Amino acid sequence: MRSYENLNLISENREPQRSYYIPYDTLEKALKGNKEDSEYYRLLNGEWNFAYFNRDIDVPEVITKWDKIPVPSNWQMHGYDIPYYTNVNYPYAVDSPYVPDDNPCGVYNREFIVDRQWKERDTYIVFEGVNSCLYLYINDEYVGYSQGSHLQSEFNISKYVKKGSNNITVRVLKWCSGSYLEDQDFFRLSGIFRDVYLLSRDKNSARDIEIKVENKNISVSEKDYVIYDGENKIDKLDNPILWNAEKPHLYKVVVKSCSEYIPFNVGIRDISVSDKGELLINGVSVKLKGVNHHDTNPKFGHYTPYETMKSELLKMKELNVNCIRTSHYPPNPEFLNLCDELGFYVVDETDIEIHGFVSRNGGYVYDMESEDWICNQEVWKNSFVERAQRMVERDKNHPCVIMWSMGNESGYGSNHDAMIAWTKNRDKSRLVHYEGANLINDKCDVDVVSRMYTSVSGIEEFAKNEDKRPFFLCEYSHAMGNGPGDVWDYWQRIYQYPKLIGGCIWEWADHAVFADGAYRYGGDFGETTHDGNFCCDGLVFADRSFKAGSLEAKAVYQYMRTSVNGNKLTISNLYDFTNLNEYKLQWKVVCDGETIKAGEMICDIKPHQSKEYTLDFTLPENCKLGCYLNLSLTGEYEVAAEQHDLHVAIKTDSNAVTSSPKFVEEKQLIIITGENYVYKFNKHYGSFESITVNGEEKLTDIIKLTAWRAPTDNDRRIKYEWGLFEDNRSGVNLNRIFSKVYFCELADNKIIVNGSLAGISRSPFLRFNVMFTILGNGSIKVELEGKVKENCVYLPRLGFEFSIPKKNKEFRYYGMGPYENYLDMCHHTKVDMYESSVDKEYVPYIVPQEHGNHTRTKFVEIGGLRFTTESEFEFNISKYTSEMLTAAAHTDELMENESNIVRIDYKNSGIGSNSCGPELLEQYRLSEKHIKFKFYIKPVM
Ligand code: IPT
């Protein structure tokens, strides 16, 4: 057994875990909190010498050839070894605690100076994150060993350092026994990926410092301390201002210990559970509007620079997120400082996931009775428990942390019981969460019942059961690719039942590596086993830009709901601690895309209260497209928006006859000629192949009836029923379609077609009649009536595809926009008149897929063709074909089509989150058997 596989040697000479802090040499500096000002802090980040070896056994006694590497970083992001993405499967044999004999090793080396003042004190070195383990040498003397990639390792190096120049060498191994505990779903990346720094300490200064908040009072484990509120010193805390995620008021406690000033941000708040199972923060029932957050960056890997952490937390705020689960390990300690300051409820999760045991025998089984599971093995107990301890001891002073999580997807065993028992005994002020507890029906001692990916109806069942504990969806609405589409439906239930305390969307950002002009994922680096793009499942893109799913979550998580009755507007404030009067409410009555009346007001509505207002507007008797009330609640930016249909009667223009078209029937064509136009209808294929207006051809191909869409990541299961892929047995094969015309006839100004659509090797899934009526003004009325085969899977979509000349890029529409939207993912958009273009409609999902849909459309005009309807249709205009989007695996494989494609759809099925979540809800599927669809094609003369 090698030392890094020895479970009795998971650390050597590491300091006992203490709370996180930085000591300062003056009070002023401590109050300012700028670490680098402290005389007692020296950051060792920067360029280090580095030598990489594929096998640790090749590391020579003396390294003579050094490369350079930045610290912090992951060596795979700098050309050594490969980024390796695997989800559940371990990337090596499951034979715990043994790891591969060929264990890659990175050796880090640099000089540092210890001056006289420091030499008279104690010197410590702190590593905030090293994957997977480290051996530390100072001036060539061995100091100690540590593992636990996302936990802190501190060593007292006083006796090894000398005045003047010193040398530090850190040997980092890719694997160690601890790697079995770190089977999280992410790129497996190694090296020193968080800060490294030295601390100069008084020999007798305090080490662990604990700040407790009980009964609205602060107690500190040290005697000598001062409390500040901003600049002001506080002698007695009377009526303190409480901390919560909306108003994160922080006091500062500065502990004086020997010559050191040690500052802490302290939030006064209390966490409890009501007898209805509500989560109470300071006695107020709070819903957790969460996301799961991993450390991931397309350039830096697992290294998270302060500014990127801060900017992503601000983006979460912008999306109305109030809760973060630090999946699946404790974050950078500065991340928690930021959460204290900006206001987030944090579920702090320890660095444990042993998911890969489910597949050690092939398949996917939680065979907890088997002795193989290390969560049940006594020899592993210490490894488990110390990871909970190191998290709790490091992070215990953070007001943002409201729950401790015992890790992720690790089965359930006696080692979990030991962790839970230790944690509950150590800290009674917070809740304990472990989703894996459900493997024994929640009988273990956790404070919340947690599940992942439970369906909407499933959470309703929990809401109604006997269990008095809060129910928490630690993962839901899998945000992979285009999506998630089901956040709205979950929240209808979460607000309905007190016990449903909310959940965390899986997950915050796409994991990807940016290389050669595109984002790369699993399998792009030659990994032996990998999970493809399953890591690209963020609510925001890898660069943290927003997509429709992000804005949908924002719209669902927003803190204002309204309803309208005539001129009466009822506004509900869903904030827990904020009066709506901190924002401005703007309202507009918009008729056919034109604002006819607008106003602004400040609504003095207390948290959890509603109020009715009367708005001053008069509605027209009728309109052409629609009349809506648009509401927008704004502070620094828009925090909430809603739209209500004011139900004004719609009166459309009559299709005035200008001249009667002439019909000439040839063998294969019907030629229709009007004042400025000539249409050619192909009887053989039952459709128009040419529309010429004022001598200009508007089509580049025959108009087709189609049902395919490029599968989204959330279609990744249903797509095998929809299309022909590797498996040629199960699909309806809508991506290889045969269109059949049985009958085509001209009768007066009507062309009647009877036909069917069928996938290759399958019987027709759709039998239809289409009636094309040529109206006096040259408009073509299209009336489709279809019958879908019994037992047919629900369809991706159904509608007409028009190929139009590529130069026609810009368009106008009246429908849901401006962002793409689908039946179940549309709360972030509103009906209005918009302008767009094929370029603007493109959404760069990491794996190309269906995108750019617009629901509830009444009108779209592009390239001299105007599509209208008396009811509504869905549409999509793209420079890519569905086939091209289906075939491409990365964005740089996409090739623009020779024509732009306009889809005028009867319906496009919703998005859901079935990439990992439940199946698409019934009500969002195109599953009706009888289809009736009518719209007009009107050439703009
Ligand atoms: C769940 C994991 O907890 C999470 O880390 C991630 O892998 C997610 O799945 C998928 O993206 S576990 C799954 C088996 C429900």
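Sequence order sets the numbering: in each chain, residues are counted from 1 along the sequence as written. Totals for whole chains, interfaces and linings use all residues, but because this is a predicted model, local features are given only for residues with pLDDT of at least 70 and pairs of side-chain atoms are given and counted only at 80 or more. Processing note: side-chain calculations cover all non-hydrogen atoms of the structure and skip hydrogens and water entirely.

Draft legend 1. The overall build of the protein chain, seen in detail. Strands are runs of DSSP state E lasting at least two residues, helices are runs of H or I lasting at least four, and both sets are numbered from the N terminus onward. Assigned secondary structure in the protein chain consists of 12 helices and 60 strands. Using C-alpha atoms as the atom set, the radius of gyration is obtained and then compared with a globule rule of 2.2 Å times the number of residues to the power 0.38. Here the C-alpha atoms of the protein chain give a radius of gyration of 32 Å, agreeing with the 30 Å that 2.2 N^0.38 yields for 941 residues. Oriented by its inertia axes, the alpha-carbon framework of the protein chain measures out at about 105 × 65 × 50 Å. If you take every contact in the protein chain between residues at least 6 apart in sequence, the share linking residues at least 24 apart comes to 70%. Reported accessibility uses the Shrake-Rupley method at a 1.4 Å probe radius. Residues are deemed covered only where the shown protein chains occlude them. Of the roughly 35900 Å² of accessible surface on the protein chain, 47% is carried by carbon and sulfur atoms. In what follows, a contact means two residues having at least one pair of non-hydrogen atoms within 4.5 Å.

Draft legend 2. Here's a closer look at the domain arrangement of the protein chain. For the purposes of this description, domain bounds are those given by an automatic or database domain assignment. If you check the domain split of the protein chain, you get domain 1 (3–201), domain 2 (211–266), domain 3 (559–650) and domain 4 (664–939). Taking only C-alpha atoms into account, the centre of domain 3 sits 35 Å from that of domain 4. Counting residues at the interface gives 9 residues for domain 3 and 8 residues for domain 4. Buried area is understood as the total, over both parts, of accessible area removed when two parts are fitted together, assessed with a 1.4 Å probe. When the buried area of domain 3 at its contact with domain 4 is split by residue, Leu625, Tyr628 and Gln643 rank highest and sum to 62% of it. A carboxyl oxygen of Asp or Glu within 4 Å of a side-chain nitrogen of Lys or Arg is what we treat as a salt bridge. Where domain 3 meets domain 4, there are 0 salt bridges. Nitrogen and oxygen atoms within 3.5 Å of one another constitute a polar contact, given that in protein one can donate a hydrogen and the other can accept it, and given that sequence-neighbouring residues count only through two side-chain atoms. If you look at where domain 3 meets domain 4, you find 3 residue pairs in polar contact (both at pLDDT 80 or more).

Draft legend 3. Molecular detail of the sheet that holds strand S23 (residues 279–281). Note on pairing: two strands pair once DSSP finds at least 2 bridges between them. The strand order across the open sheet formed by 3 strands is S22-S23-S24, and the pairing between neighbours is antiparallel. Looking at which strands have only one partner, the edges of the open sheet turn out to be strand S22 (271–273) and strand S24 (284–285). Judged from the 2 bridges that link them, S23 and S24 form a sheet pairing that is antiparallel. Following the sheet pairing, Ile281 is matched in S24 by Val284.

Draft legend 4. Fine view of the pairing of strand S35 (residues 560–565). Bridging between S35 and strand S36 (residues 568–573) involves 6 bridges; their strand directions are antiparallel. For Val564, the partnering residue across the bridge sits in S36 and is Leu569. The loop that links S35 with its antiparallel partner S36 comprises 2 residues; one of these, Gly566, has a positive phi angle of about 60°.

Draft legend 5. Unusual backbone geometry, seen in detail. In the segment running from Ser327 into His328, the intervening peptide bond is cis, with an omega of -15°. Among the secondary structure elements, His328 is positioned in the loop between strand S26 (323–325) and helix H4 (333–342). A cis amide bond, omega 0°, links Gly483 with the succeeding residue Pro484. For Pro484, the location among the structural elements is in the loop between strand S31 (471–476) and helix H8 (487–496).

Draft legend 6. Examining the environment of Ile650 more closely. If you trace the backbone, Ile650 turns up in strand S43 (residues 649–650). Each residue gets one of three labels from its accessible area relative to the maximum for its type: buried under 20%, exposed over 50%, partly exposed in between, using a 1.4 Å probe on protein chains only. Overall, Ile650 belongs to the partly exposed group, its relative accessible area being 42%. Ile650 has contacts with Cys623, Lys624, Leu625, Gly626 and Lys858, leaving out every residue within four places of it along the chain.

Draft legend 7. Broad picture of the pattern of salt bridges. In total, this model carries 59 salt bridges according to the counting rule given. Across the pair Arg121 and Asp202 runs a salt bridge, and its minimum N-O distance is 3.4 Å. Of this pair, Arg121 sits in the loop between helix H2 (116–119) and strand S7 (122–127) while Asp202 sits in the loop between strand S15 (196–201) and strand S16 (211–214), and the two are 81 residues apart along the sequence. Accessibility assignment for this pair places Arg121 and Asp202 in one class, buried. For Glu386, the salt bridge is made with Arg390, and the minimal N-O distance between the two is 2.7 Å. In this pair, Glu386 and Arg390 are both assigned in helix H5 (residues 381–395), 4 residues apart and thus about one turn of the helix distant. As far as burial versus exposure is concerned, Glu386 and Arg390 are alike and both buried.

Draft legend 8. Representation of the sheet that holds strand S39 (residues 610–614) in the model. The 3 strands are arranged S35-S36-S39 in an open sheet whose pairing can be described as antiparallel. The sheet is open, and its two edges are formed by S35 and S39, each paired on a single side. For this sheet, the mean angle separating the axes of adjacent strands, direction not counted, is 20°. Angles here are taken between N-to-C directions and fall from 0 to 180 degrees, while the axes themselves are lines fitted to C-alpha atoms, restricted in helices to the stretch in contact.

Draft legend 9. Local environment of the site of the ligand. In the vicinity of the ligand, 15 residues are found, and the nearest of them are Asp185, His328, Asn408, Glu475 and His478. Between Glu475 and the ligand, the recorded distance is 2.7 Å, taken from a side-chain N or O atom to an oxygen atom. Starting from 390 Å² of accessible surface for the ligand in isolation, the protein chains cover 88%. Residues that form the shell around the ligand fall into these classes: 6 nonpolar, 5 polar and 4 charged. Put simply, a residue is near a molecule or strand once any heavy atom of it comes within 4 Å of that molecule or strand. Basically, the charged four are Asp, Glu, Lys and Arg, the nonpolar ten are Ala, Val, Leu, Ile, Met, Phe, Trp, Tyr, Cys and Pro, and anything else, Gly included, counts as polar.

Draft legend 10. Inspection of the packing of helix H7 (residues 456–464) against H8 at higher detail. One way to put it is that H7 packs onto H8 with a least axis distance of 9 Å and a crossing angle of 10°. Regarding the angle of H7 to H8, the classification is roughly parallel. Across the interface between the two elements, Val456, Ile459 and Glu460 from H7 touch Asp489, Tyr490, Arg493, Ile494 and Gln496 from H8. Here the contact of H7 with H8 is composed, by residue class, of 4 nonpolar, 1 polar and 3 charged. Orientation categories follow fixed angle ranges, with anything under 35 degrees roughly parallel, anything over 145 roughly antiparallel, 65 to 115 roughly perpendicular, and all other angles oblique.

Draft legend 11. Expanded view of the packing of aromatic side chains. For Phe, Tyr and Trp, where Trp contributes only its six-membered ring, two rings pair if their centres lie within 6.5 Å, and the inter-plane angle classes them as stacked under 30 degrees, edge-to-face over 60, or tilted in between. Under the defined criterion, the tally for this structure stands at 53 aromatic pairs. Among the aromatic residues, those joined into a cluster by ring pairs are Tyr90, Tyr92, Trp175, Tyr180, Phe357, Tyr364, Tyr366, Trp373 and Trp380. Look at NZ for Lys and CZ for Arg. If either is within 6 Å of the ring centre and within 35 degrees of the ring normal, a charge sits over the ring. Seen from the ring of Phe344, Lys317 lies directly overhead, with NZ or CZ sitting 4.9 Å from the centre. The ring of Phe725 carries Lys719 above its face, with NZ or CZ at 4.9 Å from the centroid.

Draft legend 12. The arrangement of the nonpolar core in detail. Here the nonpolar core consists of buried residues drawn from Ala, Val, Leu, Ile, Met, Phe, Trp, Tyr and Cys, with membership extended through side-chain atoms lying within 4.5 Å. One finds Leu288, Tyr345 and Ile354 to be the most contacted residues of the largest nonpolar core, which totals 108 residues. For this core, the domains that each give at least three residues are domain 1 (3–201) and domain 2 (211–266). In this structure Leu288 touches Leu279, Asn322, Cys323, Tyr345, Ile402, Met403, Phe472, Trp491, Ile501, Gly502 and Gly503, once residues within four positions along its chain are discounted. Counting 63 residues, the second largest nonpolar core, distinct from the first, contains Ile780, Leu795, Val902 and Tyr924.

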